[in-house]
Amino acid sequence: MGNRLSKIYTRTGDDGSTGLGDGTRTGKDSARVGAYGTVDELNSTIGLVLACELPEPVRELLTQVQHDLFDLGGELCIPGMAMVHAADVERLERELDTLNEPLPALKDFILPGGGMAAASCHLARTVCRRAERETIALSRTEAVRGEAIRYLNRLSDLLFVVARVLARASGHGEVLWQHERRKR
């Protein structure tokens, strides 16, 4: 573990800049800070899901995801760092397949809802999509490893499936978009 923070404020960011993990300084509004900041926001939204009553396998999965996201934030904060790997993406795919297999096939769009845990998971999914967009935007101007983008892409799919699982487990069920309501 590196240096411990004994003082939370440093005043070094009062000019609108922040330090990256490699010691360089950049604007707080830079694409890199936006990307890792949104990954941090995503981690916080997953914390909201974890604050709900969850089946233990889902809790374990989302706790592992939080650790992965902390690694991903570090990777994005330190240019050239590699902390998320192909094996992490493959693990998400295996979890996705396992959770999705018993679910009924989708015939309609699902609205965010289905109980507090499921709704919170839908919120995490949308923040994940934004983190993915911001990481892709960063990759247009600076080096970003493909594993980071693939991880976020798989994670948003996984969060969608977890939301479906949680809606069913809570007894609320999935909230289906009623597209026919406009035809009345």
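In the block above lies the structure referred to throughout.
Just so it is clear, the model here is predicted, and its values are computed rather than measured.

1. Structural notes on the nonpolar core
Of all hydrophobic cores here, the largest spans 47 residues; its most connected members are Leu 42, Leu 69 and Leu 155. Listed by contribution, the elements that provide at least two residues to this core are helix H1 (31–50), helix H2 (56–77), helix H3 (86–100), helix H4 (116–139) and helix H5 (146–170). The element that contributes the greatest number of residues to this core is H5, accounting for 13 residues. Once residues lying within four places of it in the same chain are set aside, the contact partners of Leu 42 are Leu 69, Ala 124, Val 127, Cys 128, Leu 152, Leu 155 and Leu 159.

2. Looking at the packing of H4 against H5
Orientation of H4 relative to H5, taken along the N-to-C sense of each, is 170 degrees, at an axis distance of 8 Å. In terms of orientation, H4 lies roughly antiparallel with respect to H5. Among the residues making up the contact of H4 with H5, the classes are represented as 16 nonpolar, five polar and four charged.

3. Re the environment of Met 83
Residue placement: Met 83 occurs in the loop between H2 and H3. With 14 residues separating them along the chain, Met 83 and Leu 69 place their C-alpha atoms 9.8 Å apart. Contacts of Met 83, omitting those with residues within four sequence positions, involve Asp 71, Gly 74, Glu 75, Asp 88 and Arg 145.

4. A word on the packing of H2 against H3
Describing two packed helices takes the angle between their axes plus the distance from one axis to the other. In contact at an axis separation of 12 Å, H2 and H3 are set at 155 degrees when each is read in the N-to-C sense. By the angle between their directions, the pair H2 and H3 is classed as roughly antiparallel. As for how H2 packs across H3, the hand of that crossing is left-handed. Across the interface between the two elements, Leu 61, Gln 64, Val 65 and Asp 68 from H2 touch Asp 88, Arg 91, Leu 92, Glu 95 and Leu 99 from H3. Here the residues of the contact of H2 with H3 sort into four nonpolar, one polar and four charged.

5. Topic: H5
Along an α-helix, residues three or four apart share an orientation, since each turn contains 3.6 residues. Between its first and last C-alpha atoms H5 spans 36 Å; for 25 residues at 1.5 Å apiece the expected length is 36 Å, and the two agree. Gly 171 sits one or two positions beyond H5 and adopts a positive phi of about 90 degrees.

6. Notes on the side chain of Thr 45
Along the chain, the position of Thr 45 falls in helix H1. Relative accessible area serves as the criterion here: at 7%, Thr 45 is assigned to the buried category. Within the structure, Thr 45 has its side chain in polar contact with the backbone oxygen of Leu 42 (distance 2.7 Å). Beyond its immediate chain neighbours, meaning those up to four positions away, Thr 45 contacts Leu 123, Ala 124 and Val 127.

7. With respect to a nonpolar patch on the surface
The grouping of Phe 109, Leu 111, Val 175 and Trp 177 at the surface amounts to a nonpolar patch, some 380 Å² of accessible area in total. Relative to the helices and strands, Leu 111 is located in strand S3 (residues 110–111). Residue Leu 111 is classed as partly exposed on the basis of its relative accessible area of 35%.

Calculation rules
Residues numbered from 1 in each chain as written. Predicted model: local features only at pLDDT ≥ 70, side-chain atom pairs only at ≥ 80, totals over all residues. Heavy atoms only, no water. Core = buried A, V, L, I, M, F, W, Y, C linked by side-chain atoms within 4.5 Å. Buried < 20%, exposed > 50% of the residue type's maximum accessible area, 1.4 Å probe, protein only. Helix = DSSP H or I, 4+ residues; strand = E, 2+ residues; numbered from the N terminus. Contact = heavy atoms within 4.5 Å. Axes fitted to C-alpha atoms, helices over the stretch in contact; angles between N-to-C directions. Parallel < 35°, antiparallel > 145°, perpendicular 65-115°, else oblique. Nonpolar A, V, L, I, M, F, W, Y, C, P; charged D, E, K, R; others polar. Left-handed = near helix turned anticlockwise from the far one by under 90°. Expected span 1.5 Å × (residues − 1). Polar contact = N/O pair within 3.5 Å; in protein donor to acceptor, adjacent residues only side chain to side chain. Patch = residues over 30% accessible without salt bridge, like charges linked within 9 Å, V, L, I, M, F, W, Y side chains within 5 Å. Areas by Shrake-Rupley, 256 points an atom, 1.4 Å probe, with all protein chains shown as cover. Salt bridge = Lys/Arg side-chain N within 4 Å of Asp/Glu carboxyl O.

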